[in-house]
Amino acid sequence: VEPLPDDIADHEHEVHDRVVEEIVAGDDEQLERYLEGEDISPSELRTTLAAEVLEGIEFPVLVGSGVNGIGVDRLLDEICRLGPSPAARPTPLDDGSTIDANAAADPLLYVFSTSSDQFVGRITRFKVVAGKVSVNATLDDVVAGEREKLHGLFRMCGSELTPVSELVAGEIGAVTKLNHALTGTTLAGRPGARPVRAAERPVARYAVALVPASQTDDDRLSDALNRLVVDDSAYAVSYDPITRRTVLATQGEAHLSVALARLGDQYGVNVTTEETRVAYRRTIASAAEAQGRLKKQSGGHGQFAVVDLRVTPLPRGSGFEFVDAVVGGAIPKQYIAAVEHGVADAMTSGGSLGIPVVDVRVECLDGKTHSVDSSDMAFRTAAATGFADALTQGGTVVLEPILRIEVTVPAEVQGDVLGDLSSRRGRVVGSDLVDDRQVITADVPEAEMRRYAVDLRSLAHGRGSYEVIDSSYEELPKQLADKVLAEASTRD
């Protein structure tokens, strides 16, 4: 600690005065004394600030570095000085009621974090909301009904676990090797206890596809991701059947870096990442008719089927409509279903481009059969061929997914956010001021949203969020569609 440099001393005094004014504004008696020129002591300011933190009207911000450990001791000191005691702030339950931190009550624990340790196994961290809990106590998951025995209790200091015999209401503790309890679980010592209201967690929006480095990594990936999500429910894992890639959604680039490091260091799974593929779709541009034929003879039973189809476009979002328009029994009824399945298969696979087809009406007009060589498979194959030919004749347009999003940001950054949405080909459909925050509703192509979680954090200085409230498909502009089709034609 050393004196402030002269060139910032005046600025420090100005900032200090503003902070003091902010604190005393919440206490009429202190505000009056301050306005009369009396100095308010640091202990009085701290007491007032602690009361304002308890009421949720002031939120102190401290500067430091978790990487270098700078300011961590100060942060912990201020938590002790300014943070509300558990006895002063009841814990909310999911039915809207609250429960006090009463050590004489029945035990109630809330699991707020879990992690895996290669030596200890699963570590479950919890807060004792009410009552007291002892070693070897048996508690019930109030939602799932599973029973858990606490074989060992610990206090935590960083990564160190210190064994204790009991913990009382308001304390934070840990237990190892629980079988079922996950983050958000409430454990209780009596039947009928209400669960603690789970903390709200941000939705994972920044998604990447994971590419295992080897077959061994691929084999281990699923189990490692399951354990990763158990440890941190802010991650989300899904599977893209079109690309056959596992997709990991995170809070941003730093969160992703932590996940990749943990996969490698803790679980021995090495992966690289690539952008997720946008779920483009195609539809036919104009009505067209085509014939699908299959005729093979190689000794014994052959394969024979002829199908005449008419394919016409439908309005967006209509899906697939199949019509049996065959007259005179040219195609027996038992093969009509095979024709429909063949068209549906071709739509889903997307043909050689791998871009699925949607919003079409397919009429089966006519066909031919053979008494020996016709079969369900022959008609499925002929129908798929005829459908592909109809698409070629009628032409196709590429459809892109459009997300309707609701962006909430401070009013002062509204202009920057609107400009950014415009640069993403977004269309603003509404803007409202709600409690001094701007809520912007816009339709934005999904292709332009892949980094939005990261970019919005920068634009709004960490004070912005967004939700996806709906989605639809619209025609992709031709110059962009040509690029998508070119990439699809060269993709493995």
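This text gives an overview of the structure that appears in the document. (Residues numbered from 1 in each chain as written. Predicted model: local features only at pLDDT ≥ 70, side-chain atom pairs only at ≥ 80, totals over all residues. Heavy atoms only, no water.)

**Here we look at the overall build of the chain**
And step 1. Counting its secondary structure elements, the chain contains 11 helices and 25 strands.
And step 2. Relative to its length of 492 residues, the chain is extended, with a C-alpha radius of gyration of 32 Å against a globular reference of 23 Å.
And step 3. When the backbone C-alpha atoms are referred to their principal axes, the chain occupies close to 100 × 55 × 45 Å.
And step 4. Among the 492 residues that make up the chain, the fraction classed as buried is 37%.
And step 5. Across the chain, the fraction of contacts at a sequence separation of at least 24, relative to all contacts at a separation of at least 6, is 71%.
And step 6. For the chain, the accessible surface area stands at approximately 27,300 Å², while carbon and sulfur atoms represent 50% of it.
And step 7. The distance from the centre of the 48 positive side-chain charges to the centre of the 78 negative ones in the chain is 10 Å. (Helix = DSSP H or I, 4+ residues; strand = E, 2+ residues; numbered from the N terminus. Rg over C-alpha atoms; globule rule 2.2 N^0.38 Å. Buried < 20%, exposed > 50% of the residue type's maximum accessible area, 1.4 Å probe, protein only. Contact = heavy atoms within 4.5 Å. Areas by Shrake-Rupley, 256 points an atom, 1.4 Å probe, with all protein chains shown as cover. Lys, Arg positive; Asp, Glu negative; His and termini not counted. Charge placed at Lys NZ, Arg CZ, Asp CG, Glu CD.)

**A short note on the pattern of salt bridges**
Opposite charge on two side chains permits them to pair, given that their charged atoms come into close proximity.
And step 1. Here the structure, examined in full by the defined rule, presents 33 salt bridges.
And step 2. When the shortest N-O distance is used, the salt bridge between E29 and R33 registers 3.3 Å. You can see E29 and its partner R33 sitting in helix α2 (residues 28-35), 4 residues apart, about one turn around the helix.
And step 3. Relative accessible area serves as the criterion here: at 45%, E29 is assigned to the partly exposed category. (Salt bridge = Lys/Arg side-chain N within 4 Å of Asp/Glu carboxyl O.)

**Thoughts on the sheet that holds strand β9 (residues 160-164)**
And step 1. One open sheet accounts for 8 strands, arranged β7-β6-β12-β3-β4-β11-β8-β9; its pairing is antiparallel. Strand pairing shows two members of the sheet lacking a second neighbour, β7 (147-149) and β9, which therefore form its edges. On average, each strand axis in the sheet is tilted by 40° relative to the strand beside it, whichever way the strands run.
And step 2. In the sheet, strand β3 (residues 108-117) pairs with strand β12 (residues 186-188) via 3 bridges, with the strands oriented antiparallel. The residue bridging Y110 from the neighbouring strand is T186, located in β12.
And step 3. Taken strand by strand, helix α5 (residues 215-231) contacts β3 and β4 (121-130), and its axis lies near 145° from that of β3. (Pairing = 2+ DSSP bridges. Axes fitted to C-alpha atoms, helices over the stretch in contact; angles between N-to-C directions.)

**Quick look at empty space enclosed by the protein**
And step 1. Inspection of the entire model under this criterion finds 1 cavity of 30 Å³ or more.
And step 2. Space inside the largest cavity adds up to approximately 40 Å³.
And step 3. Taken together, P86, R89, P90, T91, I99, D100, A101, K127, V128, V129 and G170 make up the full set of residues lining the largest cavity.
And step 4. Of the residues forming the lining of the largest cavity, the biggest block, 3 residues, is contributed by β4.
And step 5. Taken together, the residues that form the lining of the largest cavity break down as 6 nonpolar, 2 polar and 3 charged. (1 Å grid on protein atoms, 1.4 Å probe; cavity = no way out; pocket = protein on both sides within 12 Å on 5 of 7 lines; lining within 4 Å. Points joined across faces, edges and corners; volume = space filled by probe spheres on them. Nonpolar A, V, L, I, M, F, W, Y, C, P; charged D, E, K, R; others polar.)

**Digging into the sheet that holds strand β19 (residues 303-313)**
And step 1. Taken in spatial order, the 4 strands line up as β18-β19-β21-β20 in an open sheet, and their pairing is mixed. Two strands in the sheet have a free side with no partner beyond their single neighbour: β18 (288-296) and β20 (320-324). Looking at each pair of strands side by side, their axes are set apart by 25° on average, direction ignored.
And step 2. Where β20 lies against strand β21 (residues 360-368), 5 bridges are found, and the strand directions are parallel. Bridging across to β21, E321 finds its partner in R361.
And step 3. Sitting on the sheet, helix α7 (residues 333-349) touches β19, β20 and β21, and the angle it makes with β20 is about 155°.

**Overview of unusual backbone geometry**
A negative phi holds for most residues other than glycine; trans holds for most peptide bonds.
And step 1. Despite not being glycine, K177 has its phi angle at roughly 65°, a positive value.
And step 2. Positionally, K177 belongs in the loop between β11 (172-176) and β12.
And step 3. The class of K177 is exposed, set by a relative accessible area of 57%.
And step 4. A positive phi is found at H461, a non-glycine position, where the angle reads about 55°.
And step 5. Here H461 lies in the loop between α10 (452-459) and β25 (465-475).
And step 6. Accessibility expressed as a relative area gives 58% for H461, which makes it exposed.

**Re the nonpolar core**
And step 1. Counting 32 residues, the largest nonpolar core has I405, V407, V409, V417, L421, Y452 and Y466 as its most contacted members.
And step 2. Breaking this core down by element, the ones donating at least two residues are β13 (206-212), α5, α6 (253-265), β22 (396-410), α9 (414-423), β24 (437-445) and α10.
And step 3. Not counting residues within four places of it along the chain, the set of residues in contact with Y452 comprises I405, V407, V417, D420, L421, R424 and Y466. (Core = buried A, V, L, I, M, F, W, Y, C linked by side-chain atoms within 4.5 Å.)

**Considerations on a nonpolar patch on the surface**
And step 1. On the surface, L62, V72, L75, L76 and I79 cluster together into a nonpolar patch covering about 400 Å² of accessible area.
And step 2. If you trace the backbone, I79 turns up in helix α4 (residues 72-82). (Patch = residues over 30% accessible without salt bridge, like charges linked within 9 Å, V, L, I, M, F, W, Y side chains within 5 Å.)

**Side note on helix α1 (residues 6-24)**
And step 1. With 19 residues, α1 should reach 27 Å at 1.5 Å per residue; the first-to-last C-alpha distance of 28 Å fits that figure.
And step 2. Of the positions making up α1, those classed as buried are A9, V20, I23 and V24. Along the axis of α1, the buried residues cluster in a sector spanning 80°; they form a single face. Residues of α1 that are exposed and point more than 90 degrees away from the buried face comprise D7 and D10.
And step 3. Along its buried surface, α1 packs onto α2 and α3 (42-55). (Expected span 1.5 Å × (residues − 1). Arc of directions from axis to C-beta.)

**Quick look at the packing of aromatic side chains**
Any aromatic ring pair is given by two values, namely how distant the centres are and how the planes are angled relative to each other.
And step 1. Enumeration over the complete set of coordinates arrives at 3 aromatic pairs.
And step 2. Centroid distance Y452 to Y466: 5.2 Å. Interplanar angle 70°. Geometry classified as edge-to-face. Note that Y452 is positioned in helix α10 and Y466 in strand β25, a separation of 14 residues in sequence. Taken as a pair, Y452 and Y466 share a single burial class, namely buried. (Phe/Tyr/Trp six-rings, centres within 6.5 Å; stacked < 30°, edge-to-face > 60°.)

**Things to note about the packing of α9 against α10**
And step 1. It is at 10 Å that the axes of α9 and α10 come closest, and there the two elements cross at 150°. Taken as axis vectors, α9 and α10 run roughly antiparallel relative to one another. Where α9 crosses over α10, the two elements pack in a sense that is right-handed. Across the interface between the two elements, D416, V417, D420 and L421 from α9 touch Y452, L456 and L459 from α10.
And step 2. Grouping the constituent residues of the contact of α9 with α10 by class yields 5 nonpolar, no polar and 2 charged. (Parallel < 35°, antiparallel > 145°, perpendicular 65-115°, else oblique. Left-handed = near helix turned anticlockwise from the far one by under 90°.)

Don't take any of this as a statement about function, it's just geometry.
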